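If you want the building blocks of each chain, they are given just below.
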Amino acid sequence: MSRLEPEICPVTTPLKIALVGAGLIGRTHLERLDASRDCDCAAICDPTEAAKALAAERGTPWFASITDLLAALKPDGAIIATPNALHVPGAIACLEAGVPVLIEKPLAESVAAAQRLVVAQARTGVPVLGGHHRRHNPIVKAARKLVREGGIGRLVAVTSLFLIRKPDDYFDVAWRREAGGGPVLINLIHDIDNLRFICGEIESVQAMTSNATRGFAVEDTAALLFRFANGALGTATVSDVTPTPWSWELSSGENKAYPQRDGLCYLIAGSEGSLSLPALEHWRYEGRQGWWEPLLRESLALAPLEPLAEQIRHFCAVIRGAETPITDAADAARTLAVIEAVAEAARRGQPVTIDRMEG
């Protein structure tokens, strides 16, 4: 080919992705499928009349069960966005049929269930991508790179904040007032996964919870203490009863449904510098170190990228064998193990080692 001739790029046929579960988060995934150049929605699998009507409106094949779906066609991949207890059986059915899966968080309703999926993935060799979409955010990736490459020295301490006010009508749904429906499982799991991804494994946790403000059966506030495997200590303060800008939701601008405000959600301290998120402000000394010396502040600039859309692109690359899952089944199970350890530590009033939760 002459250097003057344009290079012809091969045309890649869009992958056929089935959506399993067409509730609120399922429809969010559907929007990303429709907008993607890498894939199309091949089918909607959900027994509800609303999902059947949605499929008919779109002209998309509809199935009431994964068994019916897999008997009729073999998609290139499937997104599992069903209720938590249905994640593992649905995903295993897909893996047995050779269909890679993207599973919405949490990976399962329990670590024990998640381990069954880990075993099935290892046995079949079919890829699993855990749906911790914030790992695809450029802010999180940049923080991980700086910390893991020693940009702030040895990790010393981490502070995580999820302090937000949920509206009163949020609790009109009964399960949100019961155990398991509170900010620890629903919200903290995102922050735990971010901290693991950026800072490394959490090996033990202590926790206290309170329901003193709302008085529901579920917690509305929690305070946590972590020990990371690298020796660093961390804290997390969690509450859904207070109006503040100190949460990923309100400070990162990731989800446009939340009015963005200037605020902090993670403070990461190292021996040679520190980092605040989501602003990505890198603090350090130049030359002599000590509290009498002026701190330098550098703001790391990033190109914006929509994490859920990037997650779909990555899933398609995983299906094609071009990339390995940023969060595989075992990795997502470890995030769930930390959440189970938090609940256990709060019940027992004692530290809980994460390995025991996974063992």
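The preceding data block contains the structure.
Treat the numbers as computed from the prediction; the structure is a model and nothing was measured.

Draft legend 1. Expanded view of the packing of helix H7 (residues 183-199) against helix H10 (residues 329-348). Between H7 and H10, the least distance of the axes is 9 Å, while the angle of their chain directions is 125°. Accordingly, the angle class assigned to the pair H7 and H10 is oblique. Helix-helix and strand crossings are classified by hand; for H7 and H10 the assignment is right-handed. Mapping the contact onto sequence places Val184, Leu185, Leu188, Ile189, Ile192, Asp193 and Arg196 in H7 and Asp331, Arg334, Thr335, Leu336, Val338, Ile339 and Val342 in H10. For the contact of H7 with H10, the per-class residue count stands at 9 nonpolar, 1 polar and 4 charged.

Draft legend 2. Local environment of the pattern of salt bridges. Scanning the model with the defined rule gives 24 salt bridges in all. Ionic pairing is found between Glu31 and Arg32, a salt bridge with its closest N-O pair at 3.3 Å. Across the salt bridge formed by Arg214 and Asp240, the nearest N and O atoms sit 2.6 Å from each other. Of this pair, Arg214 sits in the loop between strand S8 (202-210) and strand S9 (221-228) while Asp240 sits in the loop between strand S10 (233-239) and helix H8 (248-252), and the two are 26 residues apart along the sequence. Where salt bridges share partners, they join Arg135, Asp193, Arg196, Glu201, Asp331 and Arg334 into one cluster.

Draft legend 3. Expanded view of the layout of surface pockets. Roughly 450 Å³ of volume is contained in the second largest pocket. Forming the boundary of the second largest pocket are 20 residues, of which Gly180, Val184, Glu219, Ala343 and Arg347 lie nearest the centre. Listed by contribution, the elements that provide at least two residues to the lining of the second largest pocket are H7, S8 and H10. For the lining of the second largest pocket, the element with the most residues is H10, which contributes 7 residues. A per-class count over the lining of the second largest pocket returns 10 nonpolar, 6 polar and 4 charged.

What counts and how
Residues numbered from 1 in each chain as written. Predicted model: local features only at pLDDT ≥ 70, side-chain atom pairs only at ≥ 80, totals over all residues. Heavy atoms only, no water. Axes fitted to C-alpha atoms, helices over the stretch in contact; angles between N-to-C directions. Helix = DSSP H or I, 4+ residues; strand = E, 2+ residues; numbered from the N terminus. Parallel < 35°, antiparallel > 145°, perpendicular 65-115°, else oblique. Left-handed = near helix turned anticlockwise from the far one by under 90°. Contact = heavy atoms within 4.5 Å. Nonpolar A, V, L, I, M, F, W, Y, C, P; charged D, E, K, R; others polar. Salt bridge = Lys/Arg side-chain N within 4 Å of Asp/Glu carboxyl O. 1 Å grid on protein atoms, 1.4 Å probe; cavity = no way out; pocket = protein on both sides within 12 Å on 5 of 7 lines; lining within 4 Å. Points joined across faces, edges and corners; volume = space filled by probe spheres on them.

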